[in-house]
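# Survey of secondary and tertiary structure
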Amino acid sequence: MNKKGSSLLETRRWNRVLIKNMIFRTENATRTGIAEALGLTLPTITTSVNEMLSEGILEEIPMAENNLVNAMGRKPTSIAFRADTACAIGVELGPYATSAVLLNMRGKVVASSEEESGAEDYYQMLKNIEEQIRKLMKFAEEKRFLGVGIGLPGFIDCGSGVIRSNLRQEWVGKHLAEDLQGILNVPVIIDNNVRIRAIGYEMSSRRIKADTFAYLFVSKGVACPLMVKNDIISGCTSGAGELGRTIISFYQDGKNIQKTVDDVGSERAIFEKCQEKLLQGAAPKLKKILDEKGRLTIQDILDAQQSGDADVAQVMDEAIGYLGVALANVVNLINPGFVVVDGYIMKAKPNREKLLCAAKANFYGLNEEEVQIFFQPFDSGWGAKGAAYFAISKLFLEC
């Protein structure tokens, strides 16, 4: 084939990729709207869309009544992927649990499961998630199944599928994607779990969002990846925008103290500070919960805070104050325009309000008016959903 012919085929292929991604991310997508958004001609859009309609991967659906331009003539239709066009499994090897979902092309969870957090032993972890994934694969049509996306904490080389760094030392250096792909005989891709959460939010959100947005995730550690025009700003061997490793300076007992954001604002830091309060004989309502249950969870700490335990409230306020300063530093440096905040402790309204106040108090210039902050409603399966969206993106929309 000559060079000109090859170039034309590649252009058509790339246009189709752009069109698929636009349809997936747009509610009530129309041929005209896609053409305007992508800067392509209407005949180009029509040709590609008609091809996908004939292939059975797209369908035309009646436009919602409030989106009709007028009631005259033929009612306009929008274009969407058929729900059964394809499906993918997403898994998050989170710090507290291993969640998994089977997701279809409309973003609906077909089946889901949640198990204990990944075993310290790498090969036991492999066996456990193999069983978890196989149970979900029973709900998927073989010819429509794309593969598996996996998110886990640490530095991940998503190109090679290697875990470069992780708190579980036995996992470090392992070829997770290759190992699991060999066991399951289906495509497997992996990446950092917070990066995947940000990708999943971008792909699934129907909210208006800026071209650039930050995704602040608070768990045992603190991360804040940046999305720029539908892509993570860092490279394939990067972490999650490790905000938790940045330094915060403050005065305490007349001394200048320097600690990382993880040391003062993470769930781990909150647990440690609450433990100190208990050892001092403080935090009475938290101590009552501990005596009754024998152990504490982050929900127990939230319950004690909301029931009026002043010592726990102080710990939480201090931690969220530091998170607000850290978030303000990100905004002042990057000015993302839009910030998504995700984390279990943000279930409590006072914590959301405290973070907003602490961040805005440290914004520079007009950032307070220019930056929108949205709190992602907490969902224990959200990381797994993000991993499934990640698989759909890499194994279908970008092909």
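Here, every reference points to the structure presented above.
Conventions adopted
- Residues numbered from 1 in each chain as written.
- Predicted model: local features only at pLDDT ≥ 70, side-chain atom pairs only at ≥ 80, totals over all residues.
- Heavy atoms only, no water.
- Buried < 20%, exposed > 50% of the residue type's maximum accessible area, 1.4 Å probe, protein only.
- Helix = DSSP H or I, 4+ residues; strand = E, 2+ residues; numbered from the N terminus.
- Arc of directions from axis to C-beta.
- Contact = heavy atoms within 4.5 Å.
- Pairing = 2+ DSSP bridges.
- Axes fitted to C-alpha atoms, helices over the stretch in contact; angles between N-to-C directions.
- Patch = residues over 30% accessible without salt bridge, like charges linked within 9 Å, V, L, I, M, F, W, Y side chains within 5 Å.
- Areas by Shrake-Rupley, 256 points an atom, 1.4 Å probe, with all protein chains shown as cover.
- Salt bridge = Lys/Arg side-chain N within 4 Å of Asp/Glu carboxyl O.
- Lys, Arg positive; Asp, Glu negative; His and termini not counted.
- Charge placed at Lys NZ, Arg CZ, Asp CG, Glu CD.
- Parallel < 35°, antiparallel > 145°, perpendicular 65-115°, else oblique.
- Nonpolar A, V, L, I, M, F, W, Y, C, P; charged D, E, K, R; others polar.
- Left-handed = near helix turned anticlockwise from the far one by under 90°.
- Phe/Tyr/Trp six-rings, centres within 6.5 Å; stacked < 30°, edge-to-face > 60°.
- Core = buried A, V, L, I, M, F, W, Y, C linked by side-chain atoms within 4.5 Å.

For the rest of this paragraph, the subject is helix H5 (residues 176-184). Residues Leu176, Ala177, Leu180 and Leu184 constitute the buried set of H5. One face of H5 carries all of its buried residues, which in axial projection span an arc of 90 degrees. Among the exposed residues of H5, those oriented more than 90 degrees off its buried face are Glu178 and Gly182. Taken together, the buried residues of H5 touch strand S3 (87-93), helix H4 (122-137), strand S6 (145-152), strand S8 (162-165) and strand S9 (188-192). Phi turns positive, to about 60 degrees, at Asn185, one or two residues after H5.

This next bit is on the sheet that holds S9. Spatially, five strands are ordered S5-S4-S3-S6-S9 in an open sheet, and the strand pairing comes out mixed. With one partner strand each, in any of the chains shown, strand S5 (109-116) and S9 form the two edges of the open sheet. Between one strand axis and the next, the sheet turns through 15 degrees on average, direction left out of account. As judged from the seven bridges shared by strand S4 (residues 97-104) and S5, these two strands associate in the antiparallel manner. Bridging from a neighbouring strand, Leu102 pairs with Ala111 of S5. Contacts from H4 reach S3, S4, S5 and S6 within the one sheet, and its direction differs from that of S4 by about 30 degrees. Strands in contact with helix H14 (residues 382-397) are S3, S4, S5, S6 and S9; relative to S3, the strand with the most contacts, it is inclined by about 135 degrees.

On the surface, a cluster of negative charge is made up of Glu114, Glu115, Glu116 and Glu131. Of the residues forming the negative patch, the biggest block, three residues, is contributed by S5. Mapping Glu114 onto the fold places it in strand S5.

By the definition in use, this model includes 21 salt bridges. Two residues, Glu59 and Arg106, come together in a salt bridge whose shortest N-O distance is 2.5 Å. Taken together, the residues span a long stretch of sequence, with Glu59 in strand S1 (residues 58-62) and Arg106 in the loop between S4 and S5 at a distance of 47 residues. Sharing partners across several salt bridges, the network here consists of Arg12, Arg16, Glu51 and Glu55.

Let us now look at the packing of helix H6 (residues 193-204) against H14. Interhelical geometry of H6 versus H14 gives an angle of 70 degrees and a closest axis separation of 8 Å. The orientation of H6 relative to H14 falls into the category roughly perpendicular. On H14, the residues that touch Ile196, Arg197, Ile199, Gly200, Tyr201, Met203 and Ser204 of H6 are Trp382, Gly383, Gly386, Ala387, Tyr389, Phe390, Ser393 and Leu397. A per-class count over the contact of H6 with H14 returns nine nonpolar, five polar and one charged.

Here we take up the packing of helix H2 (residues 31-38) against helix H3 (residues 42-55). It is the contact of H2 with H3, at a shortest axis distance of 9 Å, that shows an interaxial angle of 125 degrees. Compared by their axis directions, H2 and H3 come out oblique. Along this stretch, H2 crosses H3, giving a crossing that reads as right-handed. Seen from H2, the contacting residues are Arg31, Thr32, Ile34 and Ala35; seen from H3, they are Leu42, Ile45, Thr46, Val49, Asn50 and Leu53. Looking at the contact of H2 with H3 residue by residue, the classes come out as six nonpolar, three polar and one charged.

On to the packing of aromatic side chains. Evaluated as defined, the whole model comprises ten aromatic pairs. Summarising the aromatic geometry, the rings of Phe81 and Phe396 are spaced 5.7 Å apart at their centres and angled 75 degrees between planes, so their arrangement reads as edge-to-face. A residue pair is termed long-range when its members are at least 10 positions apart, and Phe81 in strand S2 (residues 77-81) and Phe396 in helix H14 qualify at 315 residues. For Phe81, a relative accessible area of 2% translates into the label buried. Ring geometry for Phe213 versus Phe338: centroids 6.3 Å apart, planes at 85 degrees, classification edge-to-face. In this pair, Phe213 is assigned in strand S10 (residues 212-218) and Phe338 in strand S16 (residues 338-343), connecting sequence segments 125 residues apart. For the pair shown, Phe213 and Phe338 are each scored as buried.

In terms of nonpolar packing, the biggest core is built from 46 residues, with Leu216, Leu286 and Ile345 touching the most fellow members. Residue contributions to this core peak at eleven residues, all from helix H11 (residues 310-334). Other than its neighbours up to four places away in sequence, Leu216 contacts Val222, Ala223, Cys224, Leu243, Leu327, Val340, Val341, Asp342 and Leu355. Listed in part, the 44 residues of the second largest apolar core include Ile79, Trp382, Phe390 and Ala391.

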